[in-house]
Each structure stands twice: as C-alpha cells, then as structure tokens.
Amino acid sequence: MTVGIYFATTTGKTEDIAERLHGLLGGAEAPRDMSDMDDLSEFANHDGIICGIPTWNTGADSERSGTAWDSILEDIGGLSLSGTKVAIFGLGDSSTYTENYCDAMEELHRYFKQAGATMVGYVSVKEYTFDESKSVLGDSFCGLPLDEDSESDMTDSRITQWVDQLKQEIPGLS
Ligand SMILES: Cc1cc2nc3c(=O)[nH]c(=O)nc-3n(C[C@H](O)[C@H](O)[C@H](O)COP(=O)(O)O)c2cc1C
C-alpha cells in the first residue's frame with residue numbers, strides 16, 4: 001500500500017500543511033510539489049492520494065487555484081484511477097473571500113472523480129463560517145478546508161480530526 005501527498009502553493013501555506021499532515025500520517029510518502037512533477041502516471045501507482053490546493057483566482061469559472069494544478073486538471077481527468085482513494089485539502093480565507101471559500105477544491109474533486117477515483121475525506125460544513133463555496137456538496141465540503149489567514153487557531157484541531165478520518169478511509173495509513 002502506498003499513499004502519496006501532493007501540493008501546489010503560491011505563498012507556502014499549502015506546503016506547510018502538507019508537511020504537517022505527513023508528520024501525522026504514518027505510511028504516507030513525503031509531500032511532492034506539483035510544480036516539479038512532469039509525469040502524472042505515478043498517481044496510478046498509489047492506493048491513496050492526498051492533494052492540497054489553495055484558491056487564488058477569486059470567482060473564476062475555471063483554473064481557480066492559480067497554481068500548477070490548473071494546467072493539469074484535464075490530464076488528471078484522463079487518468080485511470082479506479083480503486084484509488086483520493087482526499088483533498090484546500091487553503092483559503094473564509095473572511096476576506098467568504099463568497100468563494102476554498103473554491104478550487106471542487107475542481108480537483110471533479111477531475112479525480114472523472115478519473116474513476118473513490119473520493120474520501122469529506123468534511124461537514126457545520127463547523128465553518130462562510131457565505132459561499134463551490135466546494136460544498138450537499139451538507140459537506142468535498143475535502144478539508146483550512147484557513148491560515150483568519151482561523152489559524154482552528155487548524156490543529158481540524159487537521160487532527162481529518163487525520164483520524166483518513167486513517168479509517170484510506171488503507172495503509174496509521
Ligand atoms: C489575491 C488573493 C486572492 C485570493 N482568493 C481567494 C479565494 O477566492 N478564496 C479563498 O478561499 N481564498 C482566497 N485567497 C486566500 C488564499 O487562498 C490563502 O491565503 C491561502 O492560504 C494561500 O495558500 P498558499 O500560501 O499555499 O498559496 C486569496 C488571497 C489573495 C491574496
């Protein structure tokens with residue numbers, strides 16, 4: 001069983017969370033920066049994939065991350081990932097960008113789903129304060145939203161809870 005952690009970042013916050021998750025998740029490989037990856041075929045070698053994506057392109061119809069994820073979304077959709085568990089975490093700002101909170105998570109979710117992956121790591125909207133997010137499906141986010149700008153005091157408990165959830169949902173994590 002192998003589990004990979006992948007991220008893209010502009011100011012380093014998503015990378016920092018990827019490192020923190022790696023420290024808490026036994027069995028996951030060291031985080032990889034998507035700007036250094038030219039071959040997506042290694043995704044298919046994993047049983048589980050954890051992806052971190054910030055939102056920068058506020059209100060955009062597509063390519064909302066503003067990072068290396070944007071240009072490979074369609075390539076991800078073309079992969080064959082049935083049997084792979086995929087969890088997404090997103091970085092955003094629920095106060096300044098409350099109408100577009102962590103919108104970019106939805107794009108990764110959509111394209112990994114298109115690739116046939118089993119999407120896990122959903123989080124209830126109940127503990128969050130925001131106006132709108134494209135990453136809400138029903139009463140859950142399609143991953144873990146984190147806000148290091150306005151709610152950094154909540155990050156530790158949100159990560160800890162999510163790590164416990166992923167250990168149940170992705171085989172190979174301890
Ligand atoms: C110009 C600008 C636009 C942003 N747009 C959004 C947005 O639409 N939605 C959101 O949730 N956060 C938005 N943010 C907040 C960032 O996503 C947040 O600071 C995040 O932690 C950055 O992650 P990174 O350091 O990994 O790039 C924006 C920040 C800036 C400065």
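Residues numbered from 1 in each chain as written. Predicted model: local features only at pLDDT ≥ 70, side-chain atom pairs only at ≥ 80, totals over all residues. Heavy atoms only, no water.

A. Looking closely at the site of the ligand. Looking at the ligand, there are 18 residues lining it, with Thr9, Thr11, Thr14, Thr55 and Asp149 nearest. In this structure, Thr10 approaches the ligand through a main-chain N or O atom, which is 2.8 Å from an oxygen atom. Thr11 places a polar side-chain atom, nitrogen or oxygen, 2.3 Å from an oxygen atom of the ligand. For the ligand, the accessible surface in isolation is 650 Å², of which the surrounding protein chains cover 85%. (Near = heavy atom within 4 Å. Polar contact = N/O pair within 3.5 Å; in protein donor to acceptor, adjacent residues only side chain to side chain. Areas by Shrake-Rupley, 256 points an atom, 1.4 Å probe, with all protein chains shown as cover.)

B. Quick peek at the sheet that holds strand β6 (residues 123-124). Read across the sheet, three strands follow the order β6-β8-β7 without closing on themselves; strand pairing throughout is antiparallel. Sheet topology places β6 and β7 (136-137) at the edges, where each strand pairs with a single neighbour. Both β6 and strand β8 (residues 140-141) contribute to a ladder of two bridges, which runs antiparallel. Residue pairing in the sheet places Val123 in a bridge with Phe141 of β8. (Pairing = 2+ DSSP bridges. Helix = DSSP H or I, 4+ residues; strand = E, 2+ residues; numbered from the N terminus.)

C. Representation of the pattern of salt bridges within the structure. Inspection of the entire model under this criterion finds nine salt bridges. Measuring nitrogen to oxygen at the nearest pair gives 3.1 Å for the salt bridge that ties Glu106 to Arg64. You can see Glu106 sitting in helix α3 (residues 105-114) and its partner Arg64 sitting in the loop between β3 (48-54) and α2 (73-77), a full 42 residues away along the chain. The class of Arg64 is buried, set by a relative accessible area of 5%. Glu151 is paired through a salt bridge with Arg158; the nearest N and O atoms lie 2.9 Å apart. (Salt bridge = Lys/Arg side-chain N within 4 Å of Asp/Glu carboxyl O. Buried < 20%, exposed > 50% of the residue type's maximum accessible area, 1.4 Å probe, protein only.)

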